[in-house]
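Here are the chains, one letter per residue:
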Amino acid sequence: MSQAAQEQTFKSVNSSNTTYVKAKDLKEGDIIVTGILISATANLNYPEKLDYRFKLEDGSEIVVNQSGNLKPQMDKVSLGSLCRITYGGMSTIQKGPRKGKLAHNYEVEVAG
């Protein structure tokens, strides 16, 4: 190993530093995340949905899965943006193919 490599500071890439948000565990008014959006990638189990990954101030990461009205709001957020997501509870869908079904509601805010 080179001298330069020995003098470097290394950080674990173990995923145990990542929290995965489950919408079913949220309560209306919960602030889910305040962090920097670092990626939006296809969910491994449901590739038609996105996983939004955020870096928090303490260096940890949190992943929020796409559900309810989250995607149309997140489509307006650029990678690298500081944002806050608040859970708004559930409401009944009023029209379209999922009319009458319950959906999760979110409020997405971007700093600046």
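The present account deals with the structure reproduced in this document.

Let's shift gears to the nonpolar core. Counting 17 residues, the largest nonpolar core has Ile32, Phe54, Leu70, Met74 and Ile85 as its most contacted members. Broken down by secondary-structure element, the contributors of at least two residues to this core are β2 (31-42), β3 (50-55), β4 (61-65), α2 (70-74), β5 (82-92) and β6 (102-110). Those residues in contact with Phe54 that lie beyond four places of it in its chain are Val33, Gly35, Ile36, Leu37, Ile38, Ser60, Glu61, Ile62, Val64, Met74, Cys83 and Ile85.

Our focus in this paragraph is the side chain of Thr18. With respect to the secondary-structure elements, Thr18 resides in strand β1 (residues 18-21). Judged by its relative accessible area of 14%, Thr18 is buried. Polar contacts involving the side chain of Thr18 include one to the side chain of Arg53, which spans 3.5 Å. Thr18 has contacts with Arg53, Glu61 and Val63, leaving out every residue within four places of it along the chain.

Calculation rules
- Residues numbered from 1 in each chain as written.
- Predicted model: local features only at pLDDT ≥ 70, side-chain atom pairs only at ≥ 80, totals over all residues.
- Heavy atoms only, no water.
- Core = buried A, V, L, I, M, F, W, Y, C linked by side-chain atoms within 4.5 Å.
- Buried < 20%, exposed > 50% of the residue type's maximum accessible area, 1.4 Å probe, protein only.
- Helix = DSSP H or I, 4+ residues; strand = E, 2+ residues; numbered from the N terminus.
- Contact = heavy atoms within 4.5 Å.
- Polar contact = N/O pair within 3.5 Å; in protein donor to acceptor, adjacent residues only side chain to side chain.

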